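# Descriptive structure summary
Here is what each chain is made of, one letter per residue.
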Amino acid sequence: MISLYDHIIELRAELRSCHLSKRERATIQTELKQALARQTEIDRNDANGDGE
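The structure presented is a predicted model; accordingly, all values stated were derived computationally and were not measured. (Residues numbered from 1 in each chain as written. Predicted model: local features only at pLDDT ≥ 70, side-chain atom pairs only at ≥ 80, totals over all residues. Heavy atoms only, no water.)

Next up on the list: the pattern of salt bridges. The full count for this structure, using the stated rule, is one salt bridge. Among the salt bridges present, the one from Arg38 reaches Glu41, with a minimum N-O distance of 3.1 Å. Residue Arg38 and its partner Glu41 are both found in helix α2 (residues 22-47); the two are separated by three residues, about one turn of the helix. Looking at Glu41, the relative accessible area reads 40%, which means it is partly exposed. (Salt bridge = Lys/Arg side-chain N within 4 Å of Asp/Glu carboxyl O. Helix = DSSP H or I, 4+ residues; strand = E, 2+ residues; numbered from the N terminus. Buried < 20%, exposed > 50% of the residue type's maximum accessible area, 1.4 Å probe, protein only.)

Here is the structure:
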């Protein structure tokens, strides 16, 4: 299974592609925002000692 960090890296790489339609770009941007929000939540929980 791919880690969340790796998923974020892949999404960023996809956004650098010149061969995306507007719809594809919007979909990837939405997915990236969701992944980043999830990573922020995980980091916040780790910093508070809550774990996952």
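Ranked by size, the top nonpolar core spans six residues in total: Ile8, Leu11, Leu15, Ile28, Leu32 and Ala35. Listed by contribution, the elements that provide at least two residues to this core are α1 (4-15) and α2. Non-local contacts of Leu11, meaning those with residues more than four positions away in its chain, are made with Ile28, Glu31, Leu32 and Ala35. (Core = buried A, V, L, I, M, F, W, Y, C linked by side-chain atoms within 4.5 Å. Contact = heavy atoms within 4.5 Å.)

Before going further, it helps to spend a moment on α2. Taking 1.5 Å as the rise per residue, α2 with 26 residues should run 38 Å; its terminal C-alpha atoms sit 37 Å apart, in good agreement. Every buried residue belonging to α2 is among Ile28, Leu32, Ala35, Gln39 and Ile42, and all of these are buried. Along its buried surface, α2 packs onto α1. Directly beyond the C-terminal end of α2, a positive phi value near 80° is found at Gly49. (Expected span 1.5 Å × (residues − 1).)

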